[in-house]
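What the coordinates show
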Amino acid sequence: MSKTSPTESSTACCKVGRITQRYDLNGLDDELVRYWTDRTDQRYSTRDLAEHVNQRILESALDEAGLQYKDGEVENTYRLLTGDDVSSGTQVQTRKELERDSIPIDEVESDFVSHQTVYNHLTDCLEASLESPSDEERLERSRDKLGALRNRTAAVTEDTVAQLARNDVLDVGEFDVLVNVTVSCKDCRQQYTIRDLLEQGGCDC
């Protein structure tokens, strides 16, 4: 990764700007605006954009270390580092492997950005704007948010049970963790999985 000079750092508008300079992420601003304002079903949410930025950061760090990688390998490595559905043991192992390859992973991860940081960069620094999301877009974002929470709950539960089993506190064989959320309407007295409720756009009231 390239180091910025004090002058360059002072002219960066925010963390995204500093990171763009530091990792030589050429064309990033244009990508962010284009992906965010695309009115087709290919439009990125700010969470998608944060993931895109962070993957480009990781890719730049791998390039700086002279590592060779195949298509999709950067995305998978990022998932292993940050995915809610990835166990803590796998995340630790992935970090150790990157450290062995001379990747300053602690530094790289500290440079990862949040979706709010990307949003602020888009609206404050780039002065980009977005029309109000459609109902379909709102439902899609809600599905993504709830899916991430479900995956996180499953991963934490799996880690907890596995740790108890390793310490002989809990006697359990091979196991799977399933997390289901049910919504019960008090008016029509029907029950739905949250996925079914969102997909059909409501209950039978």
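Okay, the layout of surface pockets next. Of the volumes computed, that of the largest pocket is approximately 1,300 Å³. S45, R47, D48, D144 and K145 are the residues nearest the centre of the largest pocket, which is lined by 40 residues in total. When residues of the lining of the largest pocket are traced back to their parent elements, those giving at least two are α4 (46-64), α5 (73-82), α8 (115-125) and α9 (135-166). No other element matches α9, which puts twelve residues into the lining of the largest pocket.

Okay, the confidence of the model for the protein next. Mean pLDDT over the protein works out to 87, with 93% of the residues at or above the 70 mark. No element of the protein has a lower mean pLDDT than helix α1 (residues 6-11), which averages 43, and none a higher one than helix α7 (residues 105-111), which averages 96. Counting interchain partners and residues more than four positions distant, the pLDDT-below-50 stretch residues 2-10 has 14 contacts.

Running from N to C, helix α3 (residues 28-37) and α4 point in directions that differ by 155°, and their axes come no closer than 10 Å. Taken together, the axes of α3 and α4 lie roughly antiparallel to each other. Between α3 and α4 lies a crossing whose hand is right-handed. Along its contact with α3, which presents L28, E31, L32, Y35 and W36, the element α4 presents T46, L49, H52, V53 and R56. Taken together, the residues that form the contact of α3 with α4 break down as six nonpolar, two polar and two charged.

What counts and what doesn't
Residues numbered from 1 in each chain as written. Predicted model: local features only at pLDDT ≥ 70, side-chain atom pairs only at ≥ 80, totals over all residues. Heavy atoms only, no water. 1 Å grid on protein atoms, 1.4 Å probe; cavity = no way out; pocket = protein on both sides within 12 Å on 5 of 7 lines; lining within 4 Å. Points joined across faces, edges and corners; volume = space filled by probe spheres on them. Helix = DSSP H or I, 4+ residues; strand = E, 2+ residues; numbered from the N terminus. pLDDT = per-residue confidence, 0-100. Contact = heavy atoms within 4.5 Å. Axes fitted to C-alpha atoms, helices over the stretch in contact; angles between N-to-C directions. Parallel < 35°, antiparallel > 145°, perpendicular 65-115°, else oblique. Left-handed = near helix turned anticlockwise from the far one by under 90°. Nonpolar A, V, L, I, M, F, W, Y, C, P; charged D, E, K, R; others polar.

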